[in-house]
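# Descriptive structure summary
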Amino acid sequence: IQAEAVYLKKKISLPAITDPEKIDNPSYMSYYQLVREKIRRAAFRNYNGRETGEIALSFVISSDGYLQKIMLIEGSSPTSGYLEGVAISSVKAAAPFPAFPKELDYPHLPFKLSIVLEVE
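All of the points below concern the structure found in this document.

Scoring rules and cut-offs
Residues numbered from 1 in each chain as written. Predicted model: local features only at pLDDT ≥ 70, side-chain atom pairs only at ≥ 80, totals over all residues. Heavy atoms only, no water. Helix = DSSP H or I, 4+ residues; strand = E, 2+ residues; numbered from the N terminus. Buried < 20%, exposed > 50% of the residue type's maximum accessible area, 1.4 Å probe, protein only. Contact = heavy atoms within 4.5 Å. Areas by Shrake-Rupley, 256 points an atom, 1.4 Å probe, with all protein chains shown as cover. Salt bridge = Lys/Arg side-chain N within 4 Å of Asp/Glu carboxyl O. Phe/Tyr/Trp six-rings, centres within 6.5 Å; stacked < 30°, edge-to-face > 60°.

## Quick notes on the overall build of the protein
Tallying secondary structure elements over the protein gives three helices and four strands in all. Ordered by position in the sequence, the α and β elements of the protein form the string β-α-α-β-β-α-β. By residue count, 35% of the 120 residues in the protein fall in the buried class. Relative to all contacts within the protein whose residues are 6 or more apart in sequence, the contacts with residues 24 or more apart total 79%. Looking at the protein as shown, the accessible area adds up to about 7400 Å², and 53% of this sits on carbon and sulfur atoms.

## As for the pattern of salt bridges
Within this structure, the stated rule accounts for two salt bridges. With its nearest N and O atoms 2.8 Å apart, the salt bridge here joins Glu37 to Arg40. With Glu37 and Arg40 both in helix H2 (residues 26-46) and three residues apart, the pair spans about one turn of that helix. Look at Glu37 and you get partly exposed, because its relative accessible area is 28%. Between Arg41 and Glu37 there is a salt bridge, with its nearest N and O atoms 3.3 Å apart. With Arg41 and Glu37 both in helix H2 and four residues apart, the pair spans about one turn of that helix.

## Overview of the packing of aromatic side chains
Counted by the stated rule, this structure contains six aromatic pairs. An angle of 10° between the planes, with centres 6.1 Å apart, marks the rings of Tyr28 and Tyr32 as stacked. Of the two residues, Tyr28 and Tyr32 both sit in helix H2, four residues apart, roughly one turn of that helix. A ring pair is formed by Tyr28 and Phe111, whose centres lie 5.4 Å apart and whose planes are at 10°; its orientation type is stacked. Of the two residues, Tyr28 is situated in helix H2 and Phe111 in strand S4 (residues 108-119); the sequence distance between them amounts to 83 residues. Here the aromatic residues Tyr28, Tyr31, Tyr32, Phe59, Phe100 and Phe111 are joined through ring pairs into a cluster of three or more.

In structure tokens:
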């Protein structure tokens, strides 16, 4: 009996931010890109490619880089518990994040993010 290997090409994307207040701040955008990349890498490790979809999340990071709160954004496209689990566990796995740069003088910052899980 010969087993056949099946290779999946997973695709994880995080669409660009759409919060106009934050876009004007280069320090915020630089930090946000770093956070997005850490989450994208974690999602790639966590995702098995069986289901596809987009999950919208909001979360809060403290100035020392620790994840304070994470929530699914209601009203985004319907997804399975599996995909929601991948998204939440990916954000948790990516934490802690680096401390805020000195230009971001806030005790914590909220972030919104969509994670798109697909198979090419």
